[in-house]
Amino acid sequence: MAAVTGVTIEIEEKTFPAARGAPARALYRDFRLELADQSFVALLGPSGLGKTTLLNMIAGVDRGFEGRITFSRGPDPRIAYVFQSPRLLPWRTVLQNVLLPLPPGADSLNRARSVLRDMGLGDAEEVYPERLSLGMQRRVALARAFALEPELLLMDEPFVSLDEANASRLRDLLAELIEARPTTVLFVTHDSHEAVRLADRVVVLGGPPVRVVRDVRVELSREGRLAAGEVERVRGTVLGAGPTVAA
Ligand SMILES: Nc1ncnc2c1ncn2[C@@H]1O[C@H](COP(=O)(O)OP(=O)(O)OP(=O)(O)O)[C@@H](O)[C@H]1O
């Protein structure tokens, strides 16, 4: 089975410099969050709070902070990052886009083709992204992430601006992919339905500085996640009917 890593996030301080007359203010101060191996954690929180900044710090894209990110399997795990927009190169085919982060060689080619096949994109290998709908482009972005066999998968509102039917199909596909190719997932969303349908833990953030307001375990079966009543019950806790975690 593929390797998976847990993560301990400790941000003593993260501040962006003052800009356009606005003073510098701490986005994060003494923030801590632990993700268990193979957990699926959804992060919910208001716009502009600092969720993308958190993913960037975990991914190593943003190193301008005090603190540390520690991975349970040791440093430099394979991390895949799925962004709000699919970020496909328009001059490369679907297959070439999926191969982009992989080392050259037959193994990578086999892996890319196998993920594309599993995702119903086998016939689209030679197609250029602009010929695809947004939903299909997002599917390719997911394929690119899973072809990397990530030990940690960071997802920043990956299904935003899709209609509900398309978003729902992609959520189902993501759940199937994770079942077949286990990994640890940190998934940022504004949508509490989406969080409860997918995650085994929903962390609600408030601030600034960012703090954990609620930390809710989602103990629903696959069928439970499709039952509106069950989802509503857990959503109630996520949205504030349950116990609040001390800041
Ligand atoms: N490079 C930067 N320089 C200065 N300020 C920044 C920079 N990047 C982000 N910010 C500011 O930091 C804050 C947090 O931004 P971030 O994108 O992490 O929030 P978010 O919670 O992901 O928001 P959204 O849900 O709208 O995507 C915002 O106020 C943003 O304007």
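Just so you know, these numbers come straight off a predicted model, no measurement behind them.

Caption draft 1: Spatial organisation of the site of the ligand. With respect to spatial proximity, 14 residues lie near the ligand, and among them Ser47, Gly48, Lys51, Thr52 and Thr53 are the closest. At 3.1 Å, a backbone N or O of leucine 49 approaches an oxygen atom of the ligand. Between an oxygen atom of the ligand and a side-chain N or O atom of threonine 52, the distance comes to 2.8 Å. The dominant element in the shell around the ligand, judged by the number of residues it contributes, is helix α1 (residues 51-59), at three residues. Counted by class, the shell around the ligand contains four nonpolar, seven polar and three charged residues.

Caption draft 2: Structural detail: the sheet that holds strand β2 (residues 26-35). The sheet built from three strands is open, its strands ordered β2-β1-β4 with antiparallel pairing. Looking at which strands have only one partner, the edges of the open sheet turn out to be β2 and β4 (66-71). Neighbour-to-neighbour, the strand axes of the sheet open up by a mean angle of 10 degrees, direction not taken into account. Bridge analysis of strand β1 (residues 7-15) against β4 gives six bridges, and the strand direction is antiparallel. Counterpart to isoleucine 9 in the pairing with β4 is isoleucine 69. α1 rests against β1, β2 and β4 of the sheet, and its axis sits at about 120 degrees to β1.

Caption draft 3: Molecular detail of the domain arrangement of the protein. Taken as a whole, the protein is organised into domain 1 (1-78 + 152-247) and domain 2 (89-148). When each unit is reduced to the centre of its C-alpha atoms, the spacing between domain 1 and domain 2 is 25 Å. Contact residues are listed per partner, giving 17 residues for domain 1 and 12 residues for domain 2. Approximately 1200 Å² of surface area, both sides summed, lies buried where domain 1 meets domain 2, with 70% of it carried by carbon and sulfur atoms. By the criterion of area lost to domain 2, the three top residues of domain 1 are Leu173, Leu177 and Arg181, representing 42% of everything that side buries. Linking domain 1 with domain 2 are one salt bridge, by the criterion used here. A salt bridge links arginine 181 to aspartate 118; its shortest N-O distance comes to 3.0 Å. Counting the contacts that link domain 1 with domain 2 gives six residue pairs in polar contact (both at pLDDT 80 or more). Listed by contribution, the elements that provide at least two residues to the side of domain 1 that touches domain 2 are β6 (152-156) and α5 (164-180). Broken down by element, the residue count for the side of domain 1 that touches domain 2 peaks at six residues, all from α5. Classifying every residue of the side of domain 1 that touches domain 2 by side-chain character gives 11 nonpolar, two polar and four charged.

Criteria and thresholds
Residues numbered from 1 in each chain as written. Predicted model: local features only at pLDDT ≥ 70, side-chain atom pairs only at ≥ 80, totals over all residues. Heavy atoms only, no water. Near = heavy atom within 4 Å. Polar contact = N/O pair within 3.5 Å; in protein donor to acceptor, adjacent residues only side chain to side chain. Helix = DSSP H or I, 4+ residues; strand = E, 2+ residues; numbered from the N terminus. Nonpolar A, V, L, I, M, F, W, Y, C, P; charged D, E, K, R; others polar. Pairing = 2+ DSSP bridges. Axes fitted to C-alpha atoms, helices over the stretch in contact; angles between N-to-C directions. Contact = heavy atoms within 4.5 Å. Domains from an automatic or database assignment. Buried area = accessible area lost by both parts, 1.4 Å probe. Salt bridge = Lys/Arg side-chain N within 4 Å of Asp/Glu carboxyl O.

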